[in-house]
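Working through the structure, step by step
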Amino acid sequence: MSCENQEAQEDELLALTSIYPEDEFKRSNTAPGGEIQVCLELPPNFRISVKSNSASNIMMESFESTVSFLPPIVLNFDLPPGYPSAMSPIFTLSCNWLSPEQLTLMCQRLDVLWEENRGSVVLFAWMQFLKEETLEYLNIRSPYEIQFTDNGTLKQVEEEASLCIAAATPEEETVDRRAIQDVLSVYDLIRHILDFDESQQKKCFDSKPFLCNICFSEKLGSHCTYFKDCSHVYCDSCLRDYFEIQIRDGQVRALNCPEPKCTSVASPAQVRKLVGEELFSRYDRLLLKSTLELMTDVVYCPRLSCQTPVMQEPGGTMGICSSCQYAFCTLCMMT
């Protein structure tokens, strides 16, 4: 490797390390190279659907959801000794929601960008293209539909993208070896899309400041609780005090958003996070009891030492406790 190439490679890798966070760019520790993960900026209310033509996936055929984030496009690369003076980076491109044909088109575009910048470093230009132009280049718009085929590959069926692929030459239609599509099942694909979207939304929420309408202090989302149904946000400290008072008073059905007249209810996971295990156990027990009391076909075992909930037989007046086997009349509670 010439000194010029070695110096250019080192400068480029150092520049990328300083510009991008570690979750977007990771430099290899063993050789000149690394991994680039590009998370696209989606338009608001972007809808995605996944359909399967496999009989084993018939329950998944109607999946559709609105997402704010899709899993990243991953570019793995190595820098050969001849880069950037004469040789292009050696790379693979993978993404579990793009079809092999779409990834092939992306590989071809990266090749074109290299030819346009031959003799100069190109990784930054590749990252900019992947991040800012992927959706337009592949004509991806909402609603975006992915079809999962019997052989485990994806087929993107949005009309304009299909026309783009159909217009390619016979050589270009062949799937590029550098285009990696490793979707195992339609369920795995859907689960991965939803999990990634949720984790990225949580990451964005944690980094933003919010004003608590109880203490009127501004705190980062990482120290706040968000009510999904109403979008109201309160700091954890105020909400913890509010929930603890309600639980100690036995008002477990009142663990809702503190906003006046708001009916959004805190999830059990949110309650557990705020009040701790001991109070959560009391909350869980009281919530079960209050729920059972609302059920007309449930009574409690009359034995003071038992008190187990008992389901009445439809149309009958006898109950048998599943815990102590006590048989009793559900009207007078006597044996």
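Basis of the calculations
Residues numbered from 1 in each chain as written. Predicted model: local features only at pLDDT ≥ 70, side-chain atom pairs only at ≥ 80, totals over all residues. Heavy atoms only, no water. 1 Å grid on protein atoms, 1.4 Å probe; cavity = no way out; pocket = protein on both sides within 12 Å on 5 of 7 lines; lining within 4 Å. Points joined across faces, edges and corners; volume = space filled by probe spheres on them. Helix = DSSP H or I, 4+ residues; strand = E, 2+ residues; numbered from the N terminus. Pairing = 2+ DSSP bridges. Phe/Tyr/Trp six-rings, centres within 6.5 Å; stacked < 30°, edge-to-face > 60°. Buried < 20%, exposed > 50% of the residue type's maximum accessible area, 1.4 Å probe, protein only. Nonpolar A, V, L, I, M, F, W, Y, C, P; charged D, E, K, R; others polar. Core = buried A, V, L, I, M, F, W, Y, C linked by side-chain atoms within 4.5 Å. Contact = heavy atoms within 4.5 Å. Axes fitted to C-alpha atoms, helices over the stretch in contact; angles between N-to-C directions. pLDDT = per-residue confidence, 0-100. Salt bridge = Lys/Arg side-chain N within 4 Å of Asp/Glu carboxyl O.

**Some words on empty space enclosed by the protein**
Considering all chains together, one arrives at 2 cavities of 30 Å³ or more under this definition. Taken as a whole, the second largest cavity encloses approximately 30 Å³ of empty space. Forming the walls of the second largest cavity are Tyr20, Glu24, Gln37, Val38, Met127, Gln128 and Lys131. Breaking the lining of the second largest cavity down by element, the ones donating at least two residues are strand E2 (33-38) and helix H3 (123-137).

**Comments concerning the pairing of E2**
In this structure, strand E1 (residues 25-27) lies alongside E2, joined through 3 bridges in antiparallel fashion. Paired with Phe25 across the bridge in E2 is Ile36. Between E1 and E2, which pair antiparallel and follow one another directly, the connecting turn spans 5 residues. Taken together, the 6 bridges between E2 and strand E5 (residues 73-78) define a ladder with antiparallel strand orientation. Bridge assignment links Ile36 to a residue of E5, and that residue is Leu75.

**Focus on the packing of aromatic side chains**
In this structure the tally under the stated criterion is 10 aromatic pairs. Each ring, one from Phe25 and one from Phe77, has its centre 6.3 Å from the other, and the planes form 15°; the classification is stacked. A residue pair is termed long-range when its members are at least 10 positions apart, and Phe25 in strand E1 and Phe77 in strand E5 qualify at 52 residues. When its relative accessible area of 3% is taken as the criterion, Phe77 is described as buried. Members of the aromatic cluster, joined through ring pairs, are Phe205, Phe210 and Tyr226.

**Things to note about the layout of surface pockets**
Looking at the largest pocket, its volume works out to about 1,000 Å³. Looking at the lining of the largest pocket, the elements that each hand over two or more residues are helix H6 (186-207), strand E12 (224-226) and helix H8 (268-293). The leading source of residues in the lining of the largest pocket is H6, at 9 residues. Class assignment for the residues of the lining of the largest pocket results in 11 nonpolar, 9 polar and 9 charged. Within this model, the second largest pocket holds a volume of roughly 280 Å³. Among the secondary structure elements, those contributing two or more residues to the lining of the second largest pocket are E2 and H6. Ranked by residue count, the leading element in the lining of the second largest pocket is H6, at 3 residues. Here the lining of the second largest pocket is composed, by residue class, of 8 nonpolar, 3 polar and 5 charged.

**Points about the nonpolar core**
Counting residues in each nonpolar core, the largest one holds 49 residues, and the members touching the most others are Trp97, Leu98 and Trp126. At 7 residues, helix H2 (residues 100-116) tops the list of elements feeding residues into this core.

**With respect to the sheet that holds E5**
The 5 strands lie next to each other as E1-E2-E5-E6-E9, forming an open sheet whose pairing is mixed. With one partner strand each, in any of the chains shown, E1 and strand E9 (179-180) form the two edges of the open sheet. In this fold H2 packs onto E5, strand E6 (90-94) and E9, with an angle of close to 145° to the strand it touches most, E6. This element, H3, spans E2, E5 and E6 of the sheet and lies at about 170° to E5.

**A look at unusual backbone geometry**
Residue Pro84 follows Tyr83 across a cis peptide bond; omega there is 10°. With respect to the secondary-structure elements, Pro84 resides in the loop between E5 and E6. A cis amide bond links Ser142 to the next residue, Pro143, at an omega of 0°. Tracing the chain through its elements places Pro143 in the loop between H3 and strand E7 (144-148). We note that Ser231 has phi near 70°; this positive angle belongs to a residue other than glycine. Considering the arrangement of structural elements, one finds Ser231 in the loop between E12 and strand E13 (233-235). Residue classification places Ser231 among the partly exposed residues on the basis of a relative accessible area of 44%. With a phi close to 65°, Gln325 is a non-glycine residue in the positive phi region.

**Quick look at the confidence of the model for the chain**
Taken as a whole, the chain shows an average pLDDT of 84; of its residues, 87% reach a score of 70 or greater. Here residues 158-172 scores under 50 on pLDDT; set against residues more than four positions off or in separate chains, the count is 18 contacts.

**As for the packing of helix H1 (residues 3-19) against H3**
Relative orientation of the contacting elements H1 and H3 amounts to 35°, with a least axis distance of 10 Å. Of H3, the residues touching H1 (which contributes Glu12, Leu16 and Ile19) are Leu123, Phe124 and Met127. Residue composition of the contact of H1 with H3, grouped by class: 5 nonpolar, no polar and 1 charged.

**Some remarks on the pattern of salt bridges**
All chains considered together, the criterion is met by 11 salt bridges. Across the pair Asp23 and Lys203 runs a salt bridge whose closest N-O atoms are separated by 2.4 Å. Taken together, the positions of Asp23 in the loop between H1 and E1 and Lys203 in helix H6 put the pair 180 residues apart, joining distant regions of the chain. Classification of Asp23 as partly exposed rests on a relative accessible area of 37%. Exposure remark for Lys203: the relative accessible area of 42% places this residue in the partly exposed category. Residue Asp236 is joined to Lys273 by a salt bridge in which the shortest nitrogen-to-oxygen separation is 3.6 Å. Of this pair, Asp236 sits in helix H7 (residues 236-248) while Lys273 sits in helix H8, and the two are 37 residues apart along the sequence. Since its relative accessible area comes to 9%, Asp236 is described here as buried.

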